[in-house]
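Structure at a glance
Residues per chain, in single letters:
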Amino acid sequence: MMRLHVIDGTFELFRAHFSKRPGQTSPDGQDVKATVGVMASVLSLIEDDFERATHLAVAFDNPIESFRNDLFAGYKTGLGMDPVLTDQFGIVEEAVRACGVTVWSMDRWEADDALATAARKWRHDVDQVRIMTPDKDLGQVVEGDRVVQVDRIRGKVINEAGVLDRNGVAPASIPDWLALVGDTADGIPGVPGFGAKTASTLLRRYGTVEAIPYDPEAWDVKVRGAAKLGATLAGMREEVALYRELAVLVTDVPLAESLDDLCWRGAPRAEFEAISARLGGVRYQPRQWL
């Protein structure tokens with residue numbers, strides 16, 4: 001079976017930073033625990049007997065801001081982010097490249113857009129695309145068992161049925177679901193009063209926010225507090241349309257690589273040893289060199 005693994009590098013950077021792994025400081029005094037953790041995570045994926053990662057790429061947000069900040073002032077930014085993390089945005093990309101792995105460094109778009117693009121672009125060229133992040137917004141590109149999400153923290157694979165179980169809606173309705181319930185991680189406020197259950201009940205019936213009748217008396221599914229919720233939604237249709245636009249992932253990011261370019265053939269020894277020296281030593285070594 002040929003699989004394509006696409007990895008949310010920003011998520012991995014945060015995960016490594018907050019993990020219980022020992023801290024690490026480079027010879028010049030920089031905290032590089034997260035960078036070393038990302039290297040270990042990526043290389044372990046290649047060696048994992050179950051994952052059998054042969055074709056892979058890692059996408060990073062660099063910077064956090066994207067075109068979505070031009071659409072909505074409240075969208076997530078890097079303000080207030082721990083400088084220990086932001087100071088590693090450059091070196092972590094160098095470190096992953098030194099592992100022999102393709103890096104997509106996103107500035108105008110987000111890392112999630114690159115992952116979504118890769119999934120759509122190559123889903124019919126491989127047996128399975130495995131999107132390595134539990135982020136709910138990537139659920140919108142999950143497709144049967146062909147495109148799945150992998151939550152490595154919880155050891156779960158989320159296919160199309162899994163998205164329905166997790167969010168209460170089909171993948172196509174994920175942007176609408178996020179527009180209603182909000183997404184604090186991305187700065188999407190959502191609609192007051194709309195929780196996950198209410199949103200999923202309406203979207204399972206109507207599919208999109210746009211298709212939900214303006215008059216709650218016309219809703220033919222049972223929703224507690226329908227009159228008040230309907231009035232709130234009616235007064236926020238324009239805002240909700242914007243929230244949905246923010247939640248829709250771009251699937252045509254211009255990725256330069258071919259699928260063959262994503263094949264892992266080993267780590268360039270000279271580059272790996274150079275980055276290892278800059279980081280103060282890396283215990284996790286590639287199993288194959290170029």
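Description of the structure in this document.

Cut-off values and rules
Residues numbered from 1 in each chain as written. Predicted model: local features only at pLDDT ≥ 70, side-chain atom pairs only at ≥ 80, totals over all residues. Heavy atoms only, no water. Helix = DSSP H or I, 4+ residues; strand = E, 2+ residues; numbered from the N terminus. Rg over C-alpha atoms; globule rule 2.2 N^0.38 Å. Buried < 20%, exposed > 50% of the residue type's maximum accessible area, 1.4 Å probe, protein only. Contact = heavy atoms within 4.5 Å. Areas by Shrake-Rupley, 256 points an atom, 1.4 Å probe, with all protein chains shown as cover. Phe/Tyr/Trp six-rings, centres within 6.5 Å; stacked < 30°, edge-to-face > 60°. Lys NZ or Arg CZ within 6 Å of the ring centre and 35° of its normal. Core = buried A, V, L, I, M, F, W, Y, C linked by side-chain atoms within 4.5 Å. Salt bridge = Lys/Arg side-chain N within 4 Å of Asp/Glu carboxyl O. Expected span 1.5 Å × (residues − 1). Disulfide = S-S within 2.5 Å.

1. Notes on the overall build of the protein chain
- Each helix and strand in the protein chain was counted, giving twelve helices and six strands.
- Over its C-alpha atoms the protein chain spans a radius of gyration of 21 Å, differing by no more than 12% from the 19 Å that the globule rule assigns to 290 residues.
- Based on the C-alpha atoms only, the size of the protein chain along its principal axes is roughly 70 × 45 × 35 Å.
- Counting across all 290 residues of the protein chain, residues that qualify as buried make up 52%.
- Summarising the internal contacts of the protein chain: among those between residues at least 6 apart in sequence, 65% fall at separations of at least 24.
- If you sum the accessible surface of the protein chain, you get close to 13,200 Å²; carbon and sulfur atoms cover 51% of it.

2. A closer look at the packing of aromatic side chains
- All chains considered together, the criterion is met by three aromatic pairs.
- Taking 6.5 Å as the distance between ring centres and 15° as the angle between the ring planes, the aromatic pair formed by Trp104 and Trp122 counts as stacked. A residue pair is termed long-range when its members are at least 10 positions apart, and Trp104 in strand 3 (residues 102-106) and Trp122 in helix 6 (residues 111-122) qualify at 18 residues.
- On the basis of relative accessible area, Trp122 is assigned to the buried category, the value being 5%.
- Lying over the aromatic face of Tyr214, Arg237 brings its terminal NZ or CZ to 4.0 Å of the ring centre.

3. Examining the environment of Trp177
- Looking at where Trp177 falls in the secondary structure, it is placed in helix 8 (residues 174-181).
- Residue classification places Trp177 among the buried residues on the basis of a relative accessible area of 5%.
- In this structure, the C-alpha to C-alpha distance between Trp177 and Leu202, residues 25 residues apart in sequence, is 9.4 Å.
- Trp177 has contacts with Lys136, Asn167, Val169, Gly182, Ala196, Ala199, Ser200 and Leu203, leaving out every residue within four places of it along the chain.

4. Some remarks on the nonpolar core
- Val38, Met39, Leu56, Val101 and Leu279 are the most contacted members of the largest nonpolar core, which has 36 residues in total.
- The residues contacting Leu56, other than those within four sequence positions of it, are Leu4, His5, Ile7, Val42, Leu45, Ile46, Val101, Thr102, Leu262 and Trp264.
- The next biggest cluster of nonpolar side chains, apart from the first, holds 30 residues, and it includes Val142, Trp177, Leu202 and Ala247.

5. Brief notes about the environment of Ala218
- Checked against the element boundaries, Ala218 lands in the loop between helix 9 (196-206) and helix 10 (226-234).
- Residue classification places Ala218 among the partly exposed positions, given a relative accessible area of 40%.
- Ignoring any residue separated from it by four or fewer positions in sequence, one finds Ala218 in contact with Tyr206 and Pro213.

6. Regarding the pattern of salt bridges
- Taken as a whole and judged by the stated rule, the model has 13 salt bridges.
- Between Lys76 and Asp186 there is a salt bridge; the shortest N-O distance is 3.1 Å. Here Lys76, found in the loop between helix 3 (68-71) and helix 4 (83-86), pairs with Asp186, found in the loop between helix 8 and helix 9; they are 110 residues apart in sequence, far enough to count as distant. Both residues of the pair, Lys76 and Asp186, count as buried.
- One salt bridge in this structure joins Arg154 and Asp151, with 2.7 Å as the shortest N-O distance.
- On the accessibility criterion, Arg154 (56% relative accessible area) is exposed.
- Each of Arg68, Lys76, Glu110, Asp113 and Asp186 takes part in one network of salt bridges that share partners.

7. Digging into helix 6
- Over its twelve residues, helix 6 runs 17 Å from end to end, which matches the ideal 16 Å to within 8%, given 1.5 Å per residue.
- Across the twelve residues that make up helix 6, a large majority, ten, are buried.
- Here helix 6 has its buried residues at Ala111, Asp112, Asp113, Ala114, Leu115, Ala116, Thr117, Ala118, Ala119 and Trp122.
- Residues of helix 6 that are buried in the fold lie against strand 1 (3-8), strand 2 (55-61), helix 3, strand 3, strand 4 (128-132) and strand 5 (147-151).

8. Describing unusual backbone geometry
- Pro63 follows Asn62 through a cis peptide bond whose omega is 15°.
- Unlike most non-glycine residues, Arg52 shows phi in positive territory, near 45°.
- Tracing the backbone shows Arg52 in the loop between helix 2 (33-47) and strand 2.

9. Let's talk about the state of the cysteines
- Going through the model one piece at a time under the given rule, you end up with zero disulfides.
- In this structure Cys99 is a free cysteine whose sulfur lies 16 Å from that of Cys263, the closest cysteine sulfur available.
- Exposure remark for Cys263: the relative accessible area of 21% places this residue in the partly exposed category.

10. Some thoughts on the environment of Ala34
- Here Ala34 lies in helix 2.
- As a C-alpha pair, Ala34 and Ala57 span 23 residues in sequence and 18 Å in three-dimensional space.
- Not counting chain neighbours up to four residues away, the residues in contact with Ala34 comprise Leu13, Ala16, His17, Leu85 and Gln88.

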